[in-house]
Each structure stands twice: as C-alpha cells, then as structure tokens.
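# Understanding the architecture of this molecule
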Amino acid sequence: MDLFVEKLKELFWLIMSALTSVLMPVKETLILLFITFVFNILTGIITDVHVNKAKFNLKKAFSAISQLTFYATCVVFLNYGTSLINEEQIGIIAVKWLTYIVVYFYLTNIFKNARQVYPNNPAINFIYELLSTELFDRLKNMVGYKTKSTNDNE
C-alpha cells in the first residue's frame, strides 16, 4: 500500500510540474483575468442584491466561472500552441489582444453595474458611456446626425 501511495504522489507532482510549465509563461495574464473576473462578480452580486433585490444565483455564478475557464483555456492554448510551432511572438500578441478584449468587456460590465449602484456619480456614468460607446450615440444626437433606418428606403 505504501508503494501505491508513493507512486500516486510521484504522479501528482509530475502532473503539477507539467501544468506549471505550461501555465508559467501566461501566469500574469491569468492573474489579471482572474482579478478582473472577481471584481466583475462582486459588482454583479452587489448590484443584484442592492438594486435588483435578487438573491445570489448559483447558475449565473457557474456560467461566469465557465466563461473565465474558457478565456483562460484560450490563453493557454494560444501561448502553448504557438510555441509548439515556433511562433512565440505571434502567441504573445494573440494572448495580449485576447486579454485586452476580455478585460474591456469585464470593465464595461463592472461600470454598468457600478452605474446602477451609484446612479448619480458623474465619473462612473462618464466612464461607462465611454466604454460602452453610448457617448458616441449621444454626440451624434447632439449634432443632429441621423443614420438611415431600414424604413427610409420605402
């Protein structure tokens, strides 16, 4: 039995070493995604409880965790896959852009929730409008710029 336990420990440390070697190059990216994810979840919970008067939704939480897992897996896949074909620089750029995009949408959602919690805060409102491009719609309306709708062709 002791031999089995020792072999199991060796297998565990072999798997952990392999995972660490794959995750180490993108450690900072995964940390950034995780921190942004946690902040997004916290603002979402606060908004649901205080503004929407809703209880914690476990299904919503698992959905958010599965999305984070998907993003993290994509980061690892892009980095590791491009290193296998000796295109590390392309992998670094791809991981950066994926991270920028994911963090941008997390931040947009964070400020959307913060806007609901603090509706009279002009800084939060402005940052949300800027992130969500609502500012551009407002500017177009201010200058009287109208886009063609589908009914204009009739």
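Our structure's up above, just so we're on the same page.
What you see is a predicted model; the values in this text were computed from it and never measured.

## Looking at the packing of helix H3 (residues 58-84) against helix H4 (residues 88-117)
Here H3 crosses H4 at 165°, and the two axes come no closer than 7 Å. Taken as axis vectors, H3 and H4 run roughly antiparallel relative to one another. Of the two elements, H3 crosses H4, and the hand of that crossing is right-handed. Packed against H3, whose contacting residues are Leu68, Tyr71, Cys74, Val75, Leu78, Asn79, Thr82 and Ser83, the element H4 presents Glu88, Gly91, Ala94, Val95, Leu98, Thr99, Val102 and Tyr106 at the interface. A class-by-class count of the residues in the contact of H3 with H4 yields ten nonpolar, five polar and one charged.

## Focus on helix H2 (residues 27-50)
Since there are 3.6 residues in each turn of an α-helix, residues three or four apart along the chain are aligned in direction. In a regular helix each residue adds 1.5 Å, so 24 residues correspond to 34 Å; H2 covers 34 Å between its end C-alpha atoms and thus fits that length. Taken as a whole, H2 has its buried residues at Thr29, Leu30, Leu33, Thr36, Phe37, Asn40, Thr43, Gly44, Thr47 and Asp48.

## Looking at the environment of Leu42
For Leu42, the position within the fold is in helix H2. Given the relative accessible area of 46%, Leu42 is considered partly exposed. With 71 residues separating them in the primary sequence, Leu42 and Asn113 have C-alpha atoms 9.7 Å apart.

## Description of the packing of H2 against H3
H3 packs onto H2 with a crossing angle of 165° between their chain directions and a minimal axis gap of 11 Å. By the criterion of interaxial angle, the relationship of H2 to H3 is roughly antiparallel. Crossing geometry of H2 relative to H3 is assigned as right-handed. Taken together, the residues of H3 that come into contact with H2 (itself represented by Thr29, Leu30, Leu33, Phe34, Phe37, Ile41 and Asp48) are Lys60, Ala64, Ile65, Leu68, Tyr71, Ala72, Val75 and Val76. When the residues that make up the contact of H2 with H3 are grouped by side-chain class, the tally is twelve nonpolar, one polar and two charged.

## Notes on unusual backbone geometry
The phi dihedral of Lys53 falls on the positive side, at around 55°, and the residue is not glycine. By secondary structure assignment, the location of Lys53 is in the loop between H2 and H3.

## Details of the side chain of Glu129
Mapped onto the secondary structure, Glu129 falls in helix H5 (residues 122-132). When its relative accessible area of 6% is taken as the criterion, Glu129 is described as buried. There is a polar contact of 3.4 Å between the side chain of Glu129 and the side chain of Arg115.

What counts and what doesn't
Residues numbered from 1 in each chain as written. Predicted model: local features only at pLDDT ≥ 70, side-chain atom pairs only at ≥ 80, totals over all residues. Heavy atoms only, no water. Axes fitted to C-alpha atoms, helices over the stretch in contact; angles between N-to-C directions. Helix = DSSP H or I, 4+ residues; strand = E, 2+ residues; numbered from the N terminus. Parallel < 35°, antiparallel > 145°, perpendicular 65-115°, else oblique. Left-handed = near helix turned anticlockwise from the far one by under 90°. Contact = heavy atoms within 4.5 Å. Nonpolar A, V, L, I, M, F, W, Y, C, P; charged D, E, K, R; others polar. Expected span 1.5 Å × (residues − 1). Buried < 20%, exposed > 50% of the residue type's maximum accessible area, 1.4 Å probe, protein only. Polar contact = N/O pair within 3.5 Å; in protein donor to acceptor, adjacent residues only side chain to side chain.

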